[in-house]
Amino acid sequence: MNAAHTSLNRAAEQVWAEVAPALPGFQVEVLASVDSTNSELMRRVHAGLDAPTLLVALAQTAGRGRRGRQWHSQPGDALTFSVALPMAPPDWSGLSLAVGVSLAEHLHPDVQLKWPNDLWLAGRKLGGVLIETVHQGSQRQAIVGVGLNLHAPDTQRLFADGDLPAVPPASLDELGAEVVGDLGVWLARLAPALLKNLRRFERQGFAAFARGYAQRDALVGQRLQLDDGATGVGCGVDAQGALLLREAGGAIRAVLSGGLSVRPC
Ligand code: BTN
């Protein structure tokens, strides 16, 4: 077992000890390798898993991003984990933004949020969130996947399939050796807070996270282009977490989902 795996195992025990008293049945597992922590939890939930579960992987062979994209990472360079949690919030809207706020607030003051699910550092992607839900009888389980770059990815190797991002990804080590720590440090810091905040979201919805989101919103005042070609200037999010775009002429459009690119003002 290498140092990264040992550090994750140690952190997993810490997370369990911190979370289990308030979350009956909570379990944590660290895998050396899996196709995707989200996919694995989906399979387990379909097979009857109903306990809150944190699944961490040192390596993913088929990591997934939003909108059918791939999530590439090399073992030891990125923290990759997913949480499966039965949830019944009155309103699910804004959940991915709330997750982003929880992560960013426990990462570093310089980390920003790019709607709807990206963690940003210095205008580049530091990490992402993939949320999926599974119906299980009368209840619904949220599967919340998090990928976070600790060390600069070897883009030539990772994106050998030609899917090279236009802008190279960011990594926490850009903030300095004293900040970056190791995988276990970040797991122990992020996971308990995330579980607590998922519970908070269930009770209070996105309203409880709106201020935190506004403080880290990377798109306010930026000229944006949506996938459908529409352009405008970002002006925050509404009470449901929809992106507000001021279009030419001044009309405000609420965008519920989709992709966008940021263009220089
Ligand atoms: C995105 O940027 O579109 C979301 C990326 C989410 C990646 C994480 S890594 C852990 C979990 N397992 C996956 O397959 N995806 C998420």
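Look above for the structure.
Read on for a plain summary of the structure. (Residues numbered from 1 in each chain as written. Predicted model: local features only at pLDDT ≥ 70, side-chain atom pairs only at ≥ 80, totals over all residues. Heavy atoms only, no water.)

1. Digging into the overall build of the protein chain
Stated formally: Where helices and strands are cited, they refer to DSSP runs of H or I of at least four residues and of E of at least two residues respectively, numbered from the N terminus. Radius of gyration here uses only the C-alpha atoms, and the compact-globule reference equals 2.2 Å multiplied by the residue count raised to the power 0.38. For each residue, the accessible area found with a 1.4 Å probe, counting protein chains only, is set against the maximum for its type, and the residue is called buried under 20%, exposed over 50%, and partly exposed in between. Per-residue accessibility takes into account occlusion by the displayed protein chains alone, with areas from the Shrake-Rupley method and a 1.4 Å probe. Within this scheme the basic residues Lys and Arg register as positive and the acidic residues Asp and Glu register as negative, but His and the chain ends are omitted. For this purpose, a charge sits on NZ of Lys, CZ of Arg, CG of Asp or CD of Glu.
When you go through the protein chain residue by residue, the secondary structure sums to seven helices and twelve strands. Compactness check: the protein chain gives a C-alpha radius of gyration of 18 Å against a globular reference of 18 Å for 265 residues, within 12% of the reference. Looking at the protein chain residue by residue over its 265 residues, the buried ones come to 53%. Per element, the accessible surface of the protein chain, about 11900 Å² overall, is 51% carbon and sulfur. The positive charge centre, built from 23 side chains, and the negative charge centre, built from 25, are 5 Å apart in the protein chain.

2. A short note on the sheet that holds strand S3 (residues 78-87)
Selection criterion: Paired strands, in this sense, are two strands between which DSSP finds at least two bridges. For helices, the fitted axis covers only the stretch in contact; all axes are lines through C-alpha atoms, and the angles between them, taken along N-to-C directions, range from 0 to 180 degrees. Contact definition: two residues touch when any of their heavy atoms are within 4.5 Å.
Strand order in the open sheet made by the seven strands is S1-S2-S3-S7-S6-S5-S4, with mixed pairing throughout. The open sheet has two edge strands with one neighbour each: strand S1 (27-34) and strand S4 (112-114). The sheet shows a mean angle of 20° between the axes of neighbouring strands, taken without regard to direction. Direction of pairing for S1 relative to strand S2 (residues 53-60): parallel, over a ladder of seven bridges. Bridged to Val34 within S2 is Gln60. Here helix H3 (residues 95-105) sits on the sheet in contact with S3, S4, strand S5 (118-121), strand S6 (124-136) and strand S7 (139-149), set at roughly 130° to S6.

3. Overview of the site of the ligand
What counts here: To be near a molecule or strand, a residue needs just one of its heavy atoms within 4 Å of it. By the criterion applied in these results, polar contacts are pairs of N or O atoms within 3.5 Å in which, for protein atoms, one can donate a hydrogen and the other can accept it, and in which residues neighboring in sequence qualify only through two side-chain atoms. Ten residue types, Ala, Val, Leu, Ile, Met, Phe, Trp, Tyr, Cys and Pro, are classed as nonpolar, four, Asp, Glu, Lys and Arg, as charged, and the remainder, Gly among them, as polar.
Looking at the ligand, there are 21 residues lining it, with Ser36, Gln60, Arg64, Arg66 and Lys125 nearest. One of the side-chain N or O atoms of Thr37 is found 3.0 Å from a nitrogen atom in the ligand. In this structure, Arg64 approaches the ligand through a main-chain N or O atom, which is 2.7 Å from a nitrogen atom. Relative to its free-state accessible area of 410 Å², the ligand is covered by the protein chains to the extent of 98%. Contributions of two or more residues to the shell around the ligand are made by helix H2 (37-46), S3, S6 and S7. With four residues, S6 is the largest single contributor of residues to the shell around the ligand. Residues of the shell around the ligand, tallied by class, amount to five nonpolar, twelve polar and four charged.

4. As for the pairing of strand S8 (residues 223-226)
Burial of S8 is one-sided: the residues Leu224 and Leu226 facing one way are buried, the residues Arg223 and Gln225 facing the other way are not. For S8 and strand S9 (residues 231-237), the ladder comprises three bridges, and the chain directions are antiparallel. Looking across to S9, one finds that Gln225 is bridged to Thr231. The antiparallel hairpin formed by S8 and S9 contains four residues in its connecting segment, where Gly229 sits at a positive phi of about 95°.

5. Some remarks on helix H1 (residues 3-19)
Rule in force here: Here a helix's expected span is defined as the number of its residues, less one, multiplied by 1.5 Å. Directions from the helix axis toward the C-beta atoms define the arc.
Taking 1.5 Å of rise per residue, the 17 residues of H1 would be expected to cover 24 Å, and the 24 Å separating its terminal C-alpha atoms lies within 8% of that figure. His5, Ser7, Leu8, Ala11, Ala12, Val15 and Val19 are the residues of H1 that are buried. Mapping the buried residues of H1 onto a view down its axis gives an arc of 150°, with all of them on the same face. Looking at H1, the residues exposed on the side facing more than 90 degrees away from the buried face are Ala3, Arg10 and Glu13. Of the surrounding secondary structure, the elements contacted by the buried residues of H1 are S1, S2, S3 and helix H6 (183-204).

Any link to function would need more than the numbers given here.
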